[in-house]
Every structure is written in C-alpha cells, then in structure tokens.
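Structure at a glance
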Amino acid sequence: MAAVMLSSGRKLLQTRFPRPPVRSGSARPSGFFAPSEGAMLPAGSFRDRLAFITGGGTGLGRAMTMVLSQLGARCVIASRKLDVLQETAGEISSQTGNQVHALQCDVRDPQAVARCVDQMVALSGLPDVIINNAAGNFICPTERLTPNGWRSVTDIVLNGTAFVTLELGKRLIQAQKGASFLAITTIYAESGSGFVVPSAAAKAGVEALYKSLAAEWGRYGHRFNIIQPGPIRTKGAFSRLDPTGTFEKSMIDRIPTGRLGKPAELANLAAYLSSDFASWMSGAVIRFDGGEYVSMAGEFNELRKVTPDQWKMLEAMIKGTKGS
Ligand SMILES: CC/C=C\C/C=C\CC/C=C/C=C/C(=O)SCCNC(=O)CCNC(=O)[C@H](O)C(C)(C)COP(=O)(O)OP(=O)(O)OC[C@H]1O[C@@H](n2cnc3c(N)ncnc32)[C@H](O)[C@@H]1OP(=O)(O)O
Ligand SMILES: NC(=O)C1=CN([C@@H]2O[C@H](COP(=O)(O)OP(=O)(O)OC[C@H]3O[C@@H](n4cnc5c(N)ncnc54)[C@H](OP(=O)(O)O)[C@@H]3O)[C@@H](O)[C@H]2O)C=CC1
C-alpha cells in the first residue's frame, strides 16, 4: 500500500501500489543491449605503433592492452607488480603475436617513472599512444580516512597521471613526435561522490589536467581525451568498492541498459580514441556507463517503477485537478 502525499505531508489518497517486479540485473533490458566484444577497428590499425599502458597487467588495462595488441600495436605495460605484468604480457603476446613488454614502475615516484621511460625508449622508442589507467581506490567514510589513506589514492591517480604525462610529454615534444594521451577516470569525477572522496577529487584533477593539456599541447601534435567508465566488473575495483557484493544489484537496477559494462567494450572505445580514426578528437570527455549517470541524476527517474495501472490512476488524478 502506498500513498500520494501532499507537500504538507498529509495523505491525499491511499491506493494499492504493488511493488514492482524484482528486476534481476541481467533480466529485461540487457536483451536489447548485448555486448559485442571483438576488436572493432580494422586489423592493423595500430601497426608500427607503440602503446604505453599504466596498470596494463590487470582489469581494464589488460583489456585495453589486449585489443591494441590484436590491432597490431607493440605494447609496454607498467605497474608495481612485475610478476603480474609479465604473466599478462606473455599471455597477450602469445595470442596476438605482437610484442608486449612488462616494466615495473610505481607511478607515484617521478624518478621511477623516468627510469621506466628510459627502459621503454631503449626497448622500443617513444610511444604513440599513452593510456593513464593505473588507479587506487577504496570505499571509506571520509571521517575514517587518514592522511596516508588520502595520499595513497591521490598520489596514484592524480600525481601518477601527472608524472607519466609530464615525463612522456616533455620527451615527445623534444623529439617532435605526436601522440594520443588517454586518461581513464570515472563518472563521479564530474558529480563527486561520498565514500570515495580521494578518488573523486583526484579523478576530477586528472580531467582538469587533460582538458588543459588538450588546449596547450595540440601545437606539439598531442591529443588528450578522457573516458569516464561506469561499473565494469574487475577484481581490483569490485573487491575495494563492493567487498561483500551487497551493492551490485541496486547498481545494476539503476543502469538503463540493465547490465554492467564489459572490459572489452571499454577497450574498443579506448582503441578508437587512441587511433588515427579519432585524430580530430581532443579534449573530449566520454561517459561510458550504460546510462547510469543520467539515471541517477533525473529527479523523476524513479517513476520507472510506476505500473501502467498506476499511471491510469495518476493521469485521472492530474486531469481531475481544477485550479491551482
Ligand atoms: C557496487 C559498487 C562496485 C563497483 C562500482 C563500480 C563502479 C563505479 C565507479 C568506479 C570507479 C572505480 C575507480 C577505481 O579506481 S577502481 C581501481 C581499484 N584498484 C585499486 O585500487 C588497485 C590498487 N590499490 C591498492 O594498491 C590499494 O588499495 C591502495 C590502498 C590504494 C594503495 O595500496 P598501498 O599498498 O600503497 O597502501 P596501504 O599501505 O595498503 O594503505 C595506505 C593507506 O591507506 C589506508 N587504507 C587502505 N585501505 C583502506 C580502507 N579500505 N579503508 C580505510 N583506509 C584504508 C591504509 O590504512 C594506509 O593508511 P595508514 O593506516 O598508513 O594511515
Ligand atoms: N572497473 C570499474 O568499474 C571502473 C574502473 N575505473 C578506472 O579504470 C581503471 C582500471 O581499473 P580496474 O581495471 O577496474 O582496476 P585494477 O585494480 O585492475 O587496475 C588498477 C591498476 O593500477 C595499477 N596500479 C595501482 N597503483 C599503482 C602504482 N602506484 N603505480 C603503477 N600502477 C599502479 C595496478 O597494478 P599494480 O598493483 O601492479 O601496481 C592495477 O593494474 C582505473 O583508472 C579505475 O579508476 C573507473 C570506473 C569504473
């Protein structure tokens, strides 16, 4: 039983509003929005190109490395855990036949970033494609956050992206070589979000950095774009943002396309933005979230739960209103 309330809080009418049928995440709408996971661009789109992907050993970084490698790129993946990187590099290059190098690098340390770039240059040269994907995050009420907790996330996300971008940008400018830079942020970089405050602040900083450089470094042949993904299952993200699995269903329920994204879908978008097909695209911020952001934002979007019978009744009530 539900009631229509007046703004005074008084009940206008009581009627039976049956609870909407429980929507399992993969039910209803996802039938319309089945993912396509093969490489989208023509074979060879990245032939003779070198791509540098931070955090390329796991999750979305791994998926982006896979698709770029499938499309002919040589890849260098970099993060803290060399064993993880080496395993991924071996798996991808044995599938695609293209070189994937693994380099240890903590992006929080500018000297480590410079050493990593030295190693990459010695191995393969300067990259044509740079993807700043490495990140740290965890849910935490902000009043429980220590200065070191704040630092650990913002150092990886904002400072790490800045150190990689500065190091490579300066060397590319010196070498007069153009490049595509891509940053992976998140939909709440725009809105902010409680409980992931260092991540929200740092991702917003990354977006400002990339939009600024899109304006400043176009003259050096550098493009800067941003993808804001919505939820895509990876161990790294879900173990830190939904460790009990409690929030997943309500999250899927508010996504109009009725499902999580797939790493390969994100990877195809990243490949497009990093390719020559997108050579006129710079300073773009692409939200890639199955509609979740607008679904959360719209004042009346909860009315999706109203049934056809309830609409008949609401319409009659509205039409029956006389005067103001
Ligand atoms: C339904 C919801 C599910 C999913 C939602 C999906 C989509 C919505 C949008 C999603 C956006 C996702 C954004 C992401 O960035 S996901 C990427 C996740 N991947 C990672 O985080 C990988 C790397 N992370 C790490 O290595 C660590 O988590 C960390 C903490 C970032 C860094 O590790 P490090 O070893 O350097 O740091 P520690 O020494 O462990 O800790 C440093 C500092 O932080 C404090 N800390 C750590 N964890 C927590 C916690 N959970 N709560 C509070 N504080 C924490 C730790 O205590 C240390 O502080 P001090 O004690 O020293 O003061
Ligand atoms: N999955 C999702 O739903 C969403 C993800 N994102 C973003 O997508 C990107 C990838 O996340 P996802 O794949 O899900 O999660 P992962 O945890 O798998 O990826 C994070 C990567 O960052 C690397 N990394 C962390 N700290 C450092 C560091 N100090 N130096 C170098 N590398 C580091 C990790 O490698 P290592 O531990 O070896 O250092 C890891 O490979 C991130 O930018 C994240 O914010 C955004 C929105 C949604």
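Once a new chain begins, its residue numbering starts again from 1 and follows that chain's sequence as written. The order in which chains are written sets their letters, starting at A; the order in which ligands are written sets their numbers, starting at 1. In view of the model being predicted, local features appear only for residues whose pLDDT reaches at least 70, and side-chain atom pairs are presented and counted only at 80 or more, with totals across whole chains, interfaces and linings using the full set of residues. Side-chain numbers come from the whole structure's heavy atoms, not from hydrogens or water.

**Points about the overall build of the protein**
Secondary structure counts use DSSP, requiring at least four H or I residues in a row for a helix and at least two E residues in a row for a strand, with both numbered from the N terminus. On a plain count of helices and strands, the protein comes out with 11 helices and nine strands. For the C-alpha atoms alone, the extent of the protein along its principal axes is close to 75 × 45 × 40 Å. Buried positions account for 44% of the 324 residues belonging to the protein. In the protein, the proportion of contacts linking residues at least 24 apart, taken out of those at least 6 apart, comes to 73%. Surface exposure here means Shrake-Rupley accessible area, sampled with a 1.4 Å probe, where a residue is shielded only by the protein chains that are shown. Taken as a whole, the protein presents about 17,000 Å² of accessible surface, with 55% of it coming from carbon and sulfur. A simple rule labels every residue: compare its accessible area, found with a 1.4 Å probe on the protein chains alone, to the largest value its type can have, and call it buried under 20%, exposed over 50%, or partly exposed in between. Any two residues having at least one pair of non-hydrogen atoms within 4.5 Å are treated as being in contact.

**Some words on the environment of Gly169**
Locating Gly169 in the fold gives a position in helix α4 (residues 147-175). Residue classification places Gly169 among the buried positions, given a relative accessible area of 0%. Measuring from C-alpha to C-alpha, the distance between Gly169 and Ala179 comes to 8.6 Å, with 10 residues separating the pair along the chain. Beyond its immediate chain neighbours, meaning those up to four positions away, Gly169 contacts Phe181, Trp217 and His222.

**What about the packing of helix α1 (residues 59-70) against helix α2 (residues 82-96)?**
Packing of α1 against α2 brings their axes to within 9 Å, and their N-to-C directions diverge by 25°. It follows that α1 is roughly parallel to α2 by the angle criterion. The element α1 and its partner α2 pack so that their crossing is right-handed. Residue-level inspection shows Arg62, Thr65, Met66, Ser69 and Gln70 of α1 in contact with α2, the latter providing Thr88, Glu91, Ile92, Gln95 and Thr96. Its residues placed into classes, the contact of α1 with α2 shows two nonpolar, six polar and two charged. Helix axes are fitted only over the stretch in contact, all axes being lines through C-alpha atoms; the angle between N-to-C directions runs from 0 to 180 degrees. Angle categories are assigned with fixed cut-offs, so that under 35 degrees is roughly parallel, over 145 is roughly antiparallel, 65 to 115 is roughly perpendicular, and the rest are oblique. Helix crossings get a hand from a simple test, with the near helix turned counterclockwise from the far one by less than a right angle marking a left-handed crossing and a clockwise turn marking a right-handed one. Polar here means any residue outside two lists: the nonpolar Ala, Val, Leu, Ile, Met, Phe, Trp, Tyr, Cys and Pro, and the charged Asp, Glu, Lys and Arg; Gly therefore counts as polar.

**Observations regarding the domain arrangement of the protein**
Reported domain spans reflect what an automatic or database domain assignment gives. Each assigned domain of the protein is listed here: domain 1 (1-20 + 308-324) and domain 2 (29-305). Domain 1 and domain 2 are separated by 46 Å when their C-alpha centres are compared.

**Concerning the site of ligand 1**
Around ligand 1 sit 22 residues, and of these Arg80, Asn137, Thr146, Asn148 and Arg240 come closest. For ligand 1, an oxygen atom lies 2.8 Å from a polar atom in the side chain of Asn148. The separation between an oxygen atom of ligand 1 and a polar side-chain atom of Arg240 is 2.8 Å. Out of a free accessible area of 1,300 Å², ligand 1 has 66% covered by protein chains. If you list the elements that add at least two residues to the shell around ligand 1, you get α4 and α7 (235-241). In terms of residue class, the shell around ligand 1 is built from 10 nonpolar, eight polar and four charged. The cutoff for a nearby residue is simple: one of its non-hydrogen atoms must lie within 4 Å of the molecule or strand. Polar contacts, as counted here, are pairs of nitrogen or oxygen atoms within 3.5 Å of one another; within protein the pair requires one atom able to donate a hydrogen and one able to accept it, and residues that are adjacent in sequence qualify only if both atoms are side-chain atoms.

**Considerations on the packing of aromatic side chains**
Two rings from Phe, Tyr or Trp (for Trp, the six-membered ring) form a pair when their centres sit within 6.5 Å of each other. Planes less than 30 degrees apart are called stacked, planes more than 60 degrees apart edge-to-face, and all others tilted. What the rule picks out here adds up to five aromatic pairs. For the pair Phe181 and Tyr210, a centre-to-centre distance of 6.4 Å together with 85° between the ring planes defines the contact as edge-to-face. Of this pair, Phe181 sits in strand β7 (residues 179-184) while Tyr210 is found in helix α6 (residues 197-216), placing the two residues 29 residues apart along the sequence. Relative accessible area serves as the criterion here: at 0%, Phe181 is assigned to the buried category.

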